[in-house]
Amino acid sequence: MLKNYFKVALRNLWKNKAFSAINIVGLATGLAVCLLIVLYVVDELSYDKWNKNADRIYRLDADIYFNNTSAIFAVAPDPLAPTLKRDFPDIEEAVRINNQSDILVKKDNQNVQDHRAAFADSTFFKVFTVPMIHGNPETALKEPNSIVIDETTAKKYFNSTDVLGKTLVVDNTNYCKITGVIKDIPKQSHFHFHFIRPKIGNVNDSWLSNNTFNYVMVRPGVTQEKLQKDVDATVNNYLGKELEAQLHASLKDLTQKGGHFIYNAMPLTDIHLNSNKSYEIEANRDITYVYIFSVIAVFILLIACVNFMNLSTARSANRAKEVGIRKVAGSLRTHLITQFLTESVLLSFFSLILAIGIAALLLPLFNQLAQKEMSVATLFSTWFFPVMIGLVLVVGCVAGSYPAFYLSAFKPIDVLKGKIAKGFKSSWLRSGLVVFQFTISIILIIGTIVIYNQLDYIRSKKIGYDRDQVFVLHNAWYLDKQIHTFRNELLNIPGISNATISGDLPTSPDFDNEGWFRDATMDPAKAVVLTNFYVDENYVPTLGMQMAQGRNFSKDFPTDSVGVIINEAAVKVLGLKDPLKEVLYRPNFNGSINGSIAYHIVGVVKDFNFSSMHKNVGPLIIQEGENWGAIAVRINAKNIPSVINSIQAKWNGITSGQPFNYTFMDADFNNIYTSEQQTGKLFITFAVFAIFIGCLGLFGLVTYAAEQRTKEIGVRKVLGASVSGIVTMLSKDFAKLVLIASVIAFPLAWWMMHQWLQGFAYRVSISYWIFIVAGIVAIVIALLTVSLQAMKAALANPVKSLRTE
């Protein structure tokens, strides 16, 4: 029986091959987009799950709050993880990591700037199950001058992975013995270390300082809630005692006054999509976009299914006689439904084969847009085929359900009497499906325009400093004591107007946050958390910042070593009426807190954005101090490459071949919004596919409408109707549907994009012209699609269409 169904289905599909082809291409395109998004979603959701113990590993993150100011970090106090392991049997293992980020490695007597280095406890390989190719994971990180590298790094420096016992010279003076070679950490990981060195001792014993990544692995059966209770108890005990000893304050009193020190246990597998805190090891993503793209995949697939339903029901008159004859011959309705669903599933299967080919061809482009490294091999992984078979059945049944039940319901007597409605106008459902298709397409068009508008607003907004033509030379500490000499020599290069020595640049990824006080008693309940910059007196003029009150730092004022500049946001948070007459206090750290240091406010700088525009400008305090992380150089010259060459020549003359690593501040600024740029590109890509699929359906419908009205068109032409009149007649019904879709899409798109824009503290308004443009684009595309086929029908010879009458 089933074999007969397939034979009949294949015969019917071939008999109507033109419409079958349109259906297959439409469904294949929708399935291909769906496949790509499925790969993207699976890739995003699989982060850190390669670890055998992933469901038992947690990172401890800081959440500190005082007086409407907060600091949320991916780091915590250095003693936290080992203390938990020592005090609570629920903790099976713990490891601490200090992220070094960049590392200098000597290769062939040349220093190479490499990346992704870290210091870790010897328990690293007990917590993270990274396979070791050579070496013993139990002992690899126990010796002070040892180092573990991944296989890519081993091949890079030694052309082999068999390198145990060999020496790497790192950071100029450290001779490290290679004690282990690990497999490259999987791409689906929130860290990708190439170099791991042993962490010896504590970076800082203070419980009031957050500077270390703390991971714990609980024993099987221990819940996140139980771990959180252990963490809270530890913090209340040890941090509470230090707070009392150092600042003579009770953690309980602080909590009662609205402040808190909280260290949250975050599941390892949640980090990639749910953690965008300060001091992340690597930039993470936002799960919101996983939801958005998943919804888009479903809608694009529905658009493709709608095409099938529309074309199948539009052709109902052609198959009405077949249904009538088969019913008269004794076929049951269930047999007819099964036949039509078989055709639909078979067509869906052909579409899937084509979709896999389309997805494979588009995958490199999709990888580029999404900044992924997914391979075609993923399309043939073990989980893929069951998912695809399921998808074929679901799509086939969904797309074929309405035509199957609709066609099988025809009554033989109505068919024989010619009562079955013909043509495009006969089905309100068909019109509704066209409206649905273009509603989704118009929403995507509006979304694309709004995203690009927001990105353009970010690029053009005045942000309180001038980022154009600012050359940023990184790792300036290589200059050591000659850094000021180097800076002075830069000013002698034609085209350089100023330069400042500071690693705290507005486009830097992370900054220090510290507690400050308005009185010398340093009551924690009265503390405020301020972002700290350490700069020189050239910082403000080099970056083109403006002073709202007071003055900049100056060598003419020796007391500026205990002077500070604050921004306007800090003035508001601190509640200062006359800030230039105020003094702020911070703890005097010297192993332990030894009293306070008073800093007088010498100036107020106008607010400038030093973090993402997703956030309002936060309270900032700027101190004069040594910070040799980078040198920012203001260039006022057309021949920028020549200026860079001059800078590099002076660099090489002082640093003896240390890597010359630089960026431009405007590029660093744009990199902050990489995720939004990717989203914009993906949105426009999905919009193009949605419109293409919708237009395929329109093309099929207008082709059928013209076919049904062939003789009417012939009569009209004989009676003198113009080509433009006939084209208008065939097009106006479709244009009305697109207009209706626009009316429905506009409020939905406004709400969706309004919600998206709420994620930005600084955002554009959604202008009315966006909706007008989106509506016009949709109508023009629809009319072009319809007019091509309508023109063909209008230009046909009327004699041929009337010859059979």
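Going by the structure above, here's the rest.
Being a predicted model, the structure only gives us computed values, none of them experimental.

Draft legend 1. Just the overall build of the protein, in detail. Along its length, the protein carries 24 helices and 22 strands. For the protein, restricting intrachain contacts to residue pairs at least 6 apart in sequence, the fraction spanning at least 24 positions comes to 79%.

Draft legend 2. Spatial organisation of the packing of aromatic side chains. Using the criterion set out here, one finds 35 aromatic pairs in the structure. Relative to Y599, the ring of W516 lies with its centre 5.3 Å away and its plane at 70 degrees, an arrangement referred to as edge-to-face. Taken together, the residues span a long stretch of sequence, with W516 in strand β14 (residues 512-516) and Y599 in strand β19 (residues 592-605) at a distance of 83 residues. In this pair, the class of W516 matches that of Y599, namely buried.

Draft legend 3. Main features of the nonpolar core. In this structure, F293, F533, L543 and F686 are the most contacted members of the largest nonpolar core, which totals 117 residues. Excluding anything up to four places from it in sequence, L543 contacts Y465, D466, V470, L505, P506, A632, R634 and M665. Listed in part, the 66 residues of the second largest apolar core include A71, I97, I185 and L247.

Draft legend 4. Layout of the sheet that holds strand β21 (residues 630-635). Spatially, four strands are ordered β13-β21-β12-β22 in an open sheet, and the strand pairing comes out antiparallel. Of all the strands in the sheet, just β13 (496-501) and β22 (662-664) have a single pairing partner and so form its edges. Neighbour-to-neighbour, the strand axes of the sheet open up by a mean angle of 20 degrees, direction not taken into account. For β13 and β21, the ladder comprises five bridges, and the chain directions are antiparallel. Residue pairing across strands places A499 opposite V633, the latter belonging to β21.

Draft legend 5. Up close: the pairing of β21. Most of β21 is tucked away: six of the six residues are buried. Residues A630, A632 and R634 of β21 are buried on one face, and the alternating residues I631, V633 and I635, pointing to the opposite face, are buried as well. Where strand β12 (residues 470-474) lies against β21, five bridges are found, and the strand directions are antiparallel. For V470, the partnering residue across the bridge sits in β21 and is R634.

Draft legend 6. View of the layout of surface pockets. When its volume is computed, the second largest pocket comes out at roughly 480 Å³. Along the wall of the second largest pocket there are 18 residues; nearest its centre are I292, V295, F683, M752 and M753. Secondary-structure elements contributing two or more residues to the lining of the second largest pocket are α9 (287-314), α14 (428-460), α20 (674-708) and α22 (723-757). Looking at the lining of the second largest pocket residue by residue, the class counts come to 15 nonpolar, three polar and no charged.

Draft legend 7. Broad picture of the pattern of salt bridges. Throughout the structure, instances matching the rule amount to 24 salt bridges. For D121, the salt bridge identified is with R96, shortest N-O distance 3.0 Å. You can see D121 sitting in the loop between β4 (110-120) and α4 (124-127) and its partner R96 sitting in strand β3 (residues 91-107), a full 25 residues away along the chain. For D121, a relative accessible area of 13% gives the class buried. The class for R96 is buried, based on a relative accessible area of 8%.

Draft legend 8. Summary view of the packing of helix α15 (residues 483-490) against helix α18 (residues 640-655). Two elements in contact, α15 and α18, have axes separated by 10 Å at closest approach and are oriented at 155 degrees. The orientation of α15 relative to α18 falls into the category roughly antiparallel. Remark: the crossing between α15 and α18 carries right-handed chirality. Contacts between α15 and α18 involve F486, E489 and L490 on the former and, on the latter, I647, K650, W651 and I654. When its residues are assigned to classes, the contact of α15 with α18 shows five nonpolar, no polar and two charged.

Procedures and definitions
- Residues numbered from 1 in each chain as written.
- Predicted model: local features only at pLDDT ≥ 70, side-chain atom pairs only at ≥ 80, totals over all residues.
- Heavy atoms only, no water.
- Helix = DSSP H or I, 4+ residues; strand = E, 2+ residues; numbered from the N terminus.
- Contact = heavy atoms within 4.5 Å.
- Phe/Tyr/Trp six-rings, centres within 6.5 Å; stacked < 30°, edge-to-face > 60°.
- Buried < 20%, exposed > 50% of the residue type's maximum accessible area, 1.4 Å probe, protein only.
- Core = buried A, V, L, I, M, F, W, Y, C linked by side-chain atoms within 4.5 Å.
- Pairing = 2+ DSSP bridges.
- Axes fitted to C-alpha atoms, helices over the stretch in contact; angles between N-to-C directions.
- 1 Å grid on protein atoms, 1.4 Å probe; cavity = no way out; pocket = protein on both sides within 12 Å on 5 of 7 lines; lining within 4 Å.
- Points joined across faces, edges and corners; volume = space filled by probe spheres on them.
- Nonpolar A, V, L, I, M, F, W, Y, C, P; charged D, E, K, R; others polar.
- Salt bridge = Lys/Arg side-chain N within 4 Å of Asp/Glu carboxyl O.
- Parallel < 35°, antiparallel > 145°, perpendicular 65-115°, else oblique.
- Left-handed = near helix turned anticlockwise from the far one by under 90°.

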